[in-house]
Amino acid sequence: MMLFAFSCLAVGSQQGGTTPVLERSVKAAFLYKFLGYMEFPADPGPTLVVGVLGAEDVAAELAQITNGRNVGNRSISVRKLGEGDTLTGLNLLFIGGDAALPEAAQRTAEKNGTVIVTERDGGLQNGSVINFRLVDERVRFEVSLPAAERCNVRLSSRLLSVAYYVQKGGQ
């Protein structure tokens, strides 16, 4: 499975606060692949929309990866977001490590069925559905089932089977 292959890629160490090229590419590929392993609460229409806040390098890589590709019969649109931009219409929101999303905006995103993906320590504890982590210099991801429930998104068992960690209810 391609998703598992990506989870095993080694990445370079952080240099000067920028995300190494391979790490950026792996995260962008994961974001694209995640879409195929999610069932959204309402029909998202003909286009799946991915918002990226605070990680322009990942947004650019994701836009390149998804150009001309579909998930099922849906095209993919990538929106670069700035602080305070509207989150309306997003299916997935990636929040880069240095960006912050106000709690009220996060609750609104959850109510709208937006899957939040982060890349920070404690990401699941702060409400993310998926959080990237570097483990032994490899990009891995952890998943929160309670957060997925809050935004009414069903995650495929195939996605869960390759997660580094799965947080279940009551944890």
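All of these numbers come straight from a predicted model, not from anything done at the bench.

Asker: Break down the sheet that holds strand S3 (residues 70-71) for me, citing the residues and quoting the values.
Answerer: Reading across the sheet, the eight strands line up as S3-S4-S2-S5-S6-S7-S8-S10 and stay open at both edges, with mixed pairing between neighbours. Each edge of the open sheet is held by one strand with a lone partner, namely S3 and strand S10 (165-167).

Asker: I'd like to hear about the pattern of salt bridges, residue by residue, with values.
Answerer: Tallying each qualifying case throughout the model produces six salt bridges. Linking Lys27 and Glu119 is a salt bridge whose minimum nitrogen-to-oxygen distance equals 2.4 Å. With Lys27 in helix H2 (residues 21-35) and Glu119 in the loop between strand S6 (115-118) and strand S7 (130-135), the pair connects residues that are 92 residues apart, well separated along the chain. Comparing Lys27 with Glu119 shows no difference in burial state: the two are buried. Residue Glu103 pairs with Arg107 through a salt bridge whose shortest N-O separation is 3.0 Å. Here Glu103 pairs with Arg107, and both are found in helix H4 (residues 103-111), just four residues apart, close to one helical turn. The network of salt bridges with shared partners includes Glu23, Lys27 and Glu119.

Asker: So what about H2? Which residues, and what values?
Answerer: For H2, built from 15 residues, the straight-helix expectation of 21 Å at 1.5 Å per residue is met to within 8% by its first-to-last C-alpha distance of 22 Å. With twelve of its 15 residues buried, H2 lies for the most part within the structure. Considered for burial, the residues of H2 that qualify are Glu23, Arg24, Ser25, Val26, Lys27, Ala28, Ala29, Phe30, Leu31, Tyr32, Phe34 and Leu35.

Asker: So what's going on with the nonpolar core? Which residues, and what values?
Answerer: If you look at the biggest cluster of nonpolar residues, it comprises 39 residues, and the most contacted ones within it are Phe34 and Phe141. Looking at this core, the elements with two or more residues in it are H2, strand S2 (47-53), helix H3 (56-66), strand S5 (92-95), S6, S7, strand S8 (138-144) and helix H5 (145-150). Ranked by residue count, the leading element in this core is H2, at eight residues. Ranked by size, the runner-up nonpolar core spans eleven residues in total, among them Val49, Leu87, Ile95 and Ile116.

Asker: Now, about the packing of aromatic side chains: what can you tell me, with residues and values included?
Answerer: What the rule picks out here adds up to six aromatic pairs. Measuring from ring centre to ring centre gives 5.9 Å for Phe34 and Phe132, while their planes differ by 20 degrees; the resulting arrangement is stacked. Taken together, the residues Phe34 in helix H2 and Phe132 in strand S7 connect sequence positions 98 residues apart. With respect to class, Phe34 is no different from Phe132; both count as buried. Look at Phe34 and Phe141: their rings are 5.1 Å apart centre to centre, the planes differ by 70 degrees, and that puts the pair in the edge-to-face class. Placement of Phe34 in helix H2 and of Phe141 in strand S8 is noted, with a sequence separation of 107 residues between them. Per residue, the accessibility class of Phe34 equals that of Phe141, and both read buried. Among the aromatic residues, ring-to-ring pairing joins Phe30, Phe34, Phe94, Phe132 and Phe141 into one connected group.

Definitions and limits used
- Residues numbered from 1 in each chain as written.
- Predicted model: local features only at pLDDT ≥ 70, side-chain atom pairs only at ≥ 80, totals over all residues.
- Heavy atoms only, no water.
- Pairing = 2+ DSSP bridges.
- Helix = DSSP H or I, 4+ residues; strand = E, 2+ residues; numbered from the N terminus.
- Salt bridge = Lys/Arg side-chain N within 4 Å of Asp/Glu carboxyl O.
- Buried < 20%, exposed > 50% of the residue type's maximum accessible area, 1.4 Å probe, protein only.
- Expected span 1.5 Å × (residues − 1).
- Core = buried A, V, L, I, M, F, W, Y, C linked by side-chain atoms within 4.5 Å.
- Phe/Tyr/Trp six-rings, centres within 6.5 Å; stacked < 30°, edge-to-face > 60°.

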